[in-house]
Amino acid sequence: MKIVYHPRYTEVYASDPAASPGRIEPILKELEGKYDFVEPQAASEDDLRRVHAANHIESIQRDKHLYELACLAAGGAIKAAQIAIDGESSFGLIRPPGHHASPDHCWGFCYFNNIAVALVKLQKENLIENALILDFDLHFGDGSHNIFESTKVRYFHPEANTREKFLDQIAKKFDDEENYSMLAISAGFDRHIEDWGGLLTTDDYRTIGRLSKEAAEKNCQGRRFAVLEGGYNHSVLGRNVRAFVEGLA
Ligand SMILES: [Zn+2]
């Protein structure tokens with residue numbers, strides 16, 4: 001298990017909850033010393049253009065600081081995906097998040113669709129044919145859905161009102177799906193019992209990580225990576241990420 005991280009991810013680039021000061025540090029504290037850290041490069045404009053329209057990219061470029069960090073986040077997802085191709089699992093401790101970024105617009109604290117930029121790059125390089133995305137964030141990743149609708153990449157966002165049903169849905173989906181060459185995970189932690197969604201326990205994230213690992217080992221030679229999406233209660237976010245990473249490793 002490698003953690004993809006860049007020191008610039010602690011920089012505050014906006015006034016939204018995903019960009020808030022002190023959000024990344026507690027996660028770092030939980031993971032440092034336990035896993036190897038790898039520093040990514042920023043995604044190139046070519047990488048972005050495979051997913052996003054030119055006018056969308058230009059609109060983000062108007063804020064130079066934001067653009068730099070959004071490119072670094074997309075680059076972090078690319079790095080995490082490349083590590084998975086090389087046979088090791090990985091977690092991108094990145095921000096800004098990406099799953100609300102569509103080809104030509106974005107909202108919900110997202111700018112570029114990190115996971116999509118990574119998967120489409122791997123497809124272009126003939127490293128994967130298709131992928132399954134599990135997005136367990138509280139919010140539906142409309143950007144990922146829009147980008148991959150009617151493509152070979154399948155997008156799954158579980159929804160349930162009890163934790164048992166939520167975990168069952170994920171397990172059932174993993175039982176049903178086959179023939180994918182990468183498992184990519186949009187890891188949002190805002191469904192935690194002490195976060196906005198008020199549903200999942202810390203241990204449930206470990207279970208989701210373990211289910212993901214088992215599914216990847218059964219279907220795609222263990223190729224799996226995850227990237228950070230939401231999660232806003234700084235006092236529990238670190239331990240939730242750690243639990244998930246321990247399950248996924
Ligand atoms: Zn969310």
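The text that follows walks through the structure, step by step, so that each part is easy to find.

Concerning the coordination of the zinc ion
Then, in step 1: Coordination of the zinc ion by the protein comes from Asp137 (OD), His139 (ND1) and Asp190 (OD), over a distance range of 2.0 to 2.1 Å.
Then, in step 2: Mapped onto the sequence, the donors of the zinc ion take the spacing D-x1-H-x50-D. Of this pair, Asp137 sits in the loop between β4 (131–135) and α6 (142–148) while Asp190 sits in the loop between β6 (183–187) and α8 (202–219), and the two are 53 residues apart along the sequence. Side by side, Asp137 and Asp190 carry an identical accessibility label, which is buried.

Examining helix α9 (residues 234–248)
Then, in step 1: Under the 1.5 Å per step criterion, the end-to-end length of α9 is 22 Å for 15 residues, consistent within 8% with the ideal 21 Å.
Then, in step 2: The set of residues buried in α9 consists of Val236, Leu237, Gly238, Asn240, Val241, Ala243, Phe244, Val245, Gly247 and Leu248.
Then, in step 3: In this fold, the buried residues of α9 make contact with β1 (2–4), α1 (25–31), β3 (90–92), β6, α8 and β7 (224–228).

A few points about the pairing of strand β5 (residues 153–156)
Then, in step 1: Where β4 lies against β5, 4 bridges are found, and the strand directions are parallel. By the bridge assignment for β5, Ile133 is matched with Tyr155.
Then, in step 2: As a crossover connection, the stretch from β4 through α6 into β5 is right-handed.

Quick look at the nonpolar core
Then, in step 1: Phe91, Leu93, Leu119, Phe136, Ile208, Phe225 and Phe244 are the most contacted members of the largest nonpolar core, which totals 88 residues.
Then, in step 2: Here the element with the most residues in this core is helix α4 (residues 64–85); it accounts for 15 residues.
Then, in step 3: If near-sequence neighbours (up to four positions away) are discounted, Leu119 is found in contact with Ile128, Ala131, Ile133, Phe148, Val153, Met182, Ala184 and Phe225.

Comments concerning the pairing of β7
Then, in step 1: When you tally the buried positions in β7, you get 5 out of 5 residues, the bulk of the element.
Then, in step 2: Here β7 shows a buried face lined by Arg224, Ala226 and Leu228 and a second buried face lined by Phe225 and Val227.
Then, in step 3: Here β6 pairs with β7 via 5 bridges, running parallel. Counterpart to Ser186 in the pairing with β7 is Val227.
Then, in step 4: Once the chain exits β6 it traverses α8 before rejoining the sheet at β7, and the crossover so formed is right-handed.

Re the side chain of Ser186
Then, in step 1: Tracing the backbone through its elements, the reader meets Ser186 in strand β6.
Then, in step 2: A distance of 2.8 Å separates a polar atom in the side chain of Ser186 from a polar atom in the side chain of Glu229.
Then, in step 3: Ignoring sequence-local partners within four residues, the contact set of Ser186 consists of His99, Ile115, Leu134, Asp135, Phe136, Asp137, Val227 and Glu229.

Digging into unusual backbone geometry
Then, in step 1: Omega for the peptide link from Arg95 to Pro96 comes to 0 degrees, which places this bond in the cis form.
Then, in step 2: Mapped onto the fold, Pro96 is located in the loop between β3 and α5 (114–124).
Then, in step 3: At Phe109, a residue that is not glycine, the phi angle is positive and equals roughly 70 degrees.
Then, in step 4: The topology assignment puts Phe109 in the loop between β3 and α5.

Brief notes about the sheet that holds β6
Then, in step 1: An order of β2-β1-β3-β7-β6-β4-β5 is seen for the 7 strands of this open sheet, with the pairing classed as parallel. Looking at the sheet topology across the chains shown, the edges are occupied by β2 (36–38) and β5. Pairs of neighbouring strands in the sheet enclose a mean axial angle of 20 degrees, with direction left out of account.
Then, in step 2: Direction of pairing for β3 relative to β7: parallel, over a ladder of 3 bridges. Pairing of Phe91 across the sheet is with Ala226, part of β7.

Topic: the side chain of Asp16
Then, in step 1: By the element assignment, Asp16 lies in the loop between β1 and α1.
Then, in step 2: Although Asp16 is buried, it forms no salt bridge, and the closest oppositely charged side chain is Arg23 at an N-O distance of 6.9 Å.
Then, in step 3: Among the polar contacts listed, one links the side chain of Asp16 to the backbone nitrogen of Ala19, at a separation of 2.8 Å.
Then, in step 4: Asp16 has contacts with Phe109 and Tyr111, leaving out every residue within four places of it along the chain.

Some points on the pattern of salt bridges
Then, in step 1: Under the definition given, this model contains 20 salt bridges.
Then, in step 2: Here Glu125 and Lys121 are joined by a salt bridge, their closest N and O atoms 3.6 Å apart.
Then, in step 3: For Glu125, a relative accessible area of 36% corresponds to the partly exposed category.
Then, in step 4: Exposure remark for Lys121: the relative accessible area of 13% places this residue in the buried category.
Then, in step 5: If you follow the salt bridges from partner to partner, you end up with Glu30, Asp203, Arg206, Arg242 and Glu246 in one network.

Basis of the calculations
Residues numbered from 1 in each chain as written. Predicted model: local features only at pLDDT ≥ 70, side-chain atom pairs only at ≥ 80, totals over all residues. Heavy atoms only, no water. Donors = N, O, S within 2.8 Å, 3.2 Å for Na, K, Ca; no water. Helix = DSSP H or I, 4+ residues; strand = E, 2+ residues; numbered from the N terminus. Buried < 20%, exposed > 50% of the residue type's maximum accessible area, 1.4 Å probe, protein only. Expected span 1.5 Å × (residues − 1). Contact = heavy atoms within 4.5 Å. Pairing = 2+ DSSP bridges. Right-handed = clockwise from strand over helix to strand, strands pointing away. Core = buried A, V, L, I, M, F, W, Y, C linked by side-chain atoms within 4.5 Å. Polar contact = N/O pair within 3.5 Å; in protein donor to acceptor, adjacent residues only side chain to side chain. Axes fitted to C-alpha atoms, helices over the stretch in contact; angles between N-to-C directions. Lys, Arg positive; Asp, Glu negative; His and termini not counted. Salt bridge = Lys/Arg side-chain N within 4 Å of Asp/Glu carboxyl O.

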